[in-house]
Structure formats: structure tokens, C-alpha cells
Amino acid sequence: MKTRLTNEQSQHLIDLGVLKEKASGSVSVAPIGDGIRGLVKIPKRPIFRLEDFLNGEILPKEIKTKDGDVYLDIQIMNENYCVNYEYIGRGTVIEYYDSPELIEALYQLTCWYYGEYLKSEEK
């Protein structure tokens, strides 16, 4: 089971507005080049891990909308993890993603939430 995003995926979430402080992992980024001498401080890049998505700080477990309350739902179907937001009591899904890896499905839902949903709510 994959438990962390790639550097590029993590950076994409940060670019969308997810606070980098919400990432519990990090990787060192080694400088590239010949002839590096002396002590070099190697910066670390934040990496989002599975637990960062499951603690409720990146994706809210419930959203209040003008049409009713929406909740985060995670299920396993046909060997895929399915994540979505759906209206409470109606079963109407407003956004849905699935993947063999839970973190990938959560990443896609997070991209939608920060990239589309929050921007539409600002209008």
C-alpha cells in the first residue's frame, strides 16, 4: 500500500492552497553539480502522507452547503478505494474518485476540493 505522495503531487497540493505545515513527511533535496565543497545545507520538501488526509485537517469530514450537509465517504469496492463527498440522507454524490491506492483517490479529491470547490465558494 502506498502511504505517501510524490514530490510533485505534494507540491501541487501546496500550490492549490494546502498548507505545507499539514504534511507530516519530508524528503531532502540534494544539490546537483560538480565540485561542491564544504558544508551544504540540504533543504527538505514537505511530503503528504496518508495519515495527513485521514486526520480531517486537509479534507473536511463534513461540508455545510446551501443545498444541505455533505460528508466525506471512503469505501472499498472491487479492490479499489472509492472516496467521495455526498449529501447526508440523500446519497447524492457531488464528487467521486477511485483508485487501487487510497492515497491516490484522496489526492484526486483534494485537488478537486482546493482547485474547484473552494474557488467556486469564493464567488
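Right above here is the structure, for reference.
Residues numbered from 1 in each chain as written. Predicted model: local features only at pLDDT ≥ 70, side-chain atom pairs only at ≥ 80, totals over all residues. Heavy atoms only, no water.

This brings us to the pairing of strand 1 (residues 25-28). Residues G25 and V27 point to one face of strand 1 and are all buried, whereas S26 and S28, pointing to the other face, are not buried. Pairing of strand 1 with strand 2 (residues 44-47), which is carried by 4 bridges, proceeds in the antiparallel orientation. The residue bridging S28 from the neighbouring strand is K44, located in strand 2. (Buried < 20%, exposed > 50% of the residue type's maximum accessible area, 1.4 Å probe, protein only. Helix = DSSP H or I, 4+ residues; strand = E, 2+ residues; numbered from the N terminus. Pairing = 2+ DSSP bridges.)

What follows concerns the sheet that holds strand 6 (residues 93-99). Backbone-to-backbone hydrogen bonds join strands into a sheet, with any given pair of strands oriented parallel or antiparallel. Taken in spatial order, the 4 strands line up as 3-4-5-6 in an open sheet, and their pairing is antiparallel. Unpaired on one side and paired on the other, strand 3 (62-65) and strand 6 mark the two borders of the sheet. This sheet shows a mean twist of 20° between the axes of neighbouring strands, independent of strand direction. As defined by bridge partners, strand 4 (residues 68-77) adjoins strand 5 (residues 80-87) across 8 bridges and the pair is classed as antiparallel. (Axes fitted to C-alpha atoms, helices over the stretch in contact; angles between N-to-C directions.)

Turning our eyes to something else, we now look at the packing of helix 1 (residues 7-16) against helix 3 (residues 102-122). Contact geometry for helix 1 and helix 3: axes closest at 10 Å, N-to-C directions at 20°. The orientation of helix 1 relative to helix 3 falls into the category roughly parallel. As for how helix 1 packs across helix 3, the hand of that crossing is left-handed. Across the interface between the two elements, Q9, H12, L13 and L16 from helix 1 touch E104, Y107, T110, C111, Y114, G115 and K119 from helix 3. (Parallel < 35°, antiparallel > 145°, perpendicular 65-115°, else oblique. Left-handed = near helix turned anticlockwise from the far one by under 90°. Contact = heavy atoms within 4.5 Å.)

Keep in mind these numbers describe shape, not what the thing actually does.
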